[in-house]
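# Fold and geometry: a report
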Amino acid sequence: MDLRIFTEPQQGASYDDLLTLAQATEKLGFDAFFRSDHYLRMGDDPTAGLPGPTDAWTTLAGLARETTRIKLGTLVSSVTYRQPGILAIQVAQVDAMSGGRVELGLGTGWFEQEHLAYGIPFPAKRFGLLEEQLEVITGLWGTPVGETYSFEGRHYTLVDSPALPKPVQHPVPIIVGGSGPTRTPKLAARFATEFNVPFAEFADIPLRFRGVRDACESIGRDPSELVYSAALVAAVGSTSSEFERRAAAIGREPGELREHGLAGSPAEVVDRIGALREDGVERLYLQILDIHDLDHLELIAAEVMSKLD
């Protein structure tokens with residue numbers, strides 16, 4: 001079971017904060033450091049969100065040069081932020097800067113307010129954008145050097161692109177996720193190396209996986225080619241009071257956290273991960289909301305990760 005650290009920097013983080021957390025992630029033996037791709041804090045706390053947003057791919061470019069082992073990526077970038085040709089260049093460059101450690105999570109986007117705040121267009125229908133971006137990005141990366149790539153779709157047109165630069169990895173892992181019962185599984189089957197279920201009810205996770213497996217089989221793809229993952233909030237304490245303190249620090253109730261996340265004592269979390277493994281989860285993204293609590297990561301590494309097979 002891969003354990004990955006997943007952060008929400010729009011809630012308040014500088015690049016230096018993220019660097020400290022990413023380097024701790026690497027030192028403690030976690031598999032990867034991922035971040036959300038948002039430009040506006042969420043919630044009503046007026047003190048949250050300082051010093052302001054950090055751009056995901058600018059951050060990952062910096063971290064690529066200041067880490068050596070962990071995978072780096074987004075969960076997930078929105079198709080509304082960038083043209084697919086530009087995003088393909090950005091990701092390929094960061095992949096080169098990291099020596100082949102980048103993964104791309106891509107989705108439709110959902111937070112209209114941040115688009116309004118920064119003048120980013122937010123069309124009502126975005127699934128077609130996602131489908132075409134996945135086709136364009138993989139098409140650019142897959143075009144042999146010396147050949148050109150063209151594409152004509154409803155949303156994007158590319159004419160005789162040199163399709164450069166190429167990423168180090170071939171292919172770059174692509175993460176598609178969500179809860180849609182039909183269109184999302186079909187996209188994952190066509191383009192993804194990983195399917196992610198974000199913050200779902202535990203009982204729903206195997207159902208989401210089944211939909212992707214069925215979609216793979218319908219196009220003749222082996223479902224085992226994909227990694228099946230989930231993202232869940234994490235709050236772990238070595239004592240009840242420590243757990244309650246960590247729950248309070250992120251504005252959550254202990255009982256609700258236990259019901260919906262990886263929460264409680266280390267033993268409780270190990271048991272929960274075991275149940276998730278039985279439901280087909282192969283990789284977990286631990287949403288760490290208090291990024292300054294490095295003792296939390298140390299506890300998870302020592303008392304949870306070390307107990308997993």
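Description of the structure in this document.

What counts and what doesn't
Residues numbered from 1 in each chain as written. Predicted model: local features only at pLDDT ≥ 70, side-chain atom pairs only at ≥ 80, totals over all residues. Heavy atoms only, no water. Axes fitted to C-alpha atoms, helices over the stretch in contact; angles between N-to-C directions. Helix = DSSP H or I, 4+ residues; strand = E, 2+ residues; numbered from the N terminus. Parallel < 35°, antiparallel > 145°, perpendicular 65-115°, else oblique. Left-handed = near helix turned anticlockwise from the far one by under 90°. Contact = heavy atoms within 4.5 Å. Nonpolar A, V, L, I, M, F, W, Y, C, P; charged D, E, K, R; others polar. Polar contact = N/O pair within 3.5 Å; in protein donor to acceptor, adjacent residues only side chain to side chain. Buried < 20%, exposed > 50% of the residue type's maximum accessible area, 1.4 Å probe, protein only. Phe/Tyr/Trp six-rings, centres within 6.5 Å; stacked < 30°, edge-to-face > 60°. Pairing = 2+ DSSP bridges. Right-handed = clockwise from strand over helix to strand, strands pointing away. Salt bridge = Lys/Arg side-chain N within 4 Å of Asp/Glu carboxyl O.

Attention now goes to the packing of helix H3 (residues 84–98) against helix H5 (residues 127–142). Their axes nearest at 9 Å, the elements H3 and H5 cross at an angle of 50 degrees. Relative to H5, H3 is oriented oblique. Pair H3 / H5 crosses with right-handed handedness. Contact residues: Pro84, Gly85, Leu87, Ala88, Val91 and Ala92 in H3; Gln133, Val136, Ile137, Leu140 and Trp141 in H5. For the contact of H3 with H5, a count of residues per class yields nine nonpolar, two polar and no charged.

Once that is clear, we can look at the environment of Ser98. On the secondary structure map, Ser98 appears in helix H3. Each C-alpha atom of the pair Ser98 and Thr67 lies 7.9 Å from the other, and the pair is 31 residues apart in sequence. Here Asp95 takes part through its backbone oxygen, which lies 3.0 Å from a polar atom of the side chain of Ser98.

Assignment of secondary structure puts Leu3 in strand E1 (residues 2–7). Put simply, Leu3 and Ala301 are 298 residues apart on the chain and 9.3 Å apart in space, counted from C-alpha to C-alpha. Ignoring sequence-local partners within four residues, the contact set of Leu3 consists of Phe30, Asp31, Ala32, Ile273, Leu284, Leu286, Met305 and Leu308.

Taken as a whole, helix H6 (residues 183–191) has its buried residues at Thr184, Pro185, Leu187, Ala188, Ala189 and Phe191. Where H6 is buried, its residues contact H5, strand E8 (174–177), strand E9 (194–198) and helix H7 (205–218).

Moving on: the packing of aromatic side chains. A complete count under the given rule lists seven aromatic pairs for this structure. Ring geometry for Tyr39 and Tyr118: centres 6.5 Å apart, planes at 55 degrees, overall tilted. Of this pair, Tyr39 sits in the loop between strand E2 (32–35) and helix H2 (56–66) while Tyr118 is found in helix H4 (residues 112–118), placing the two residues 79 residues apart along the sequence. For Tyr39, a relative accessible area of 16% corresponds to the buried category. Tyr118 gets classed as partly exposed once you look at its relative accessible area, which sits at 47%. Note on Trp110 and Phe111: the rings are 5.1 Å apart at their centroids and 25 degrees apart in plane angle, and the pair reads as stacked. With relative accessibility at 55%, the residue Trp110 sits in the exposed group.

This brings us to the pairing of E8. Relative to E8, strand E5 (residues 102–107) runs parallel, the two sharing two bridges. Its bridge partner being in E8, Leu104 is matched across the sheet by Ile174. Where E8 meets E9, three bridges bridge the pair, whose relative direction is parallel. In the strand pairing of E9, Gly177 is matched with Asn196. As for the winding sense of the linkage, the β-α-β connection from E8 through H6 to E9 is right-handed.

At a minimum axis separation of 8 Å, H2 and H3 run at an interaxial angle of 15 degrees. As the angle between them shows, H2 and H3 are arranged roughly parallel. Regarding H2 and H3, the two cross each other, and that crossing is left-handed. Contact with H2, carried on its side by Trp57, Leu60, Ala61, Ala64 and Arg65, involves Leu87, Val91, Val94, Met97 and Ser98 of H3 and no other residues of that element. Of the residues belonging to the contact of H2 with H3, the class tally is eight nonpolar, one polar and one charged.

For side chains of opposite charge, pairing can occur when their charged atoms come near one another. In this structure the tally under the stated criterion is 18 salt bridges. Across the salt bridge formed by Arg190 and Glu131, the nearest N and O atoms sit 2.9 Å from each other. Remark: Glu131 occurs in helix H5 and Arg190 occurs in helix H6; sequence separation between them is 59 residues. For Glu131, a relative accessible area of 29% translates into the label partly exposed. In this structure, Glu242 engages Arg245 in a salt bridge whose closest nitrogen and oxygen atoms are separated by 4.0 Å. Here Glu242 pairs with Arg245, and both are found in helix H8 (residues 240–249), just three residues apart, close to one helical turn. Judged by relative accessible area, Arg245 falls into the partly exposed class, the value being 46%. Three or more residues are tied together by salt bridges with common partners; here these are Arg4, Asp31, Lys71 and Glu103.

None of the figures reported here should be taken as evidence of function without further support.
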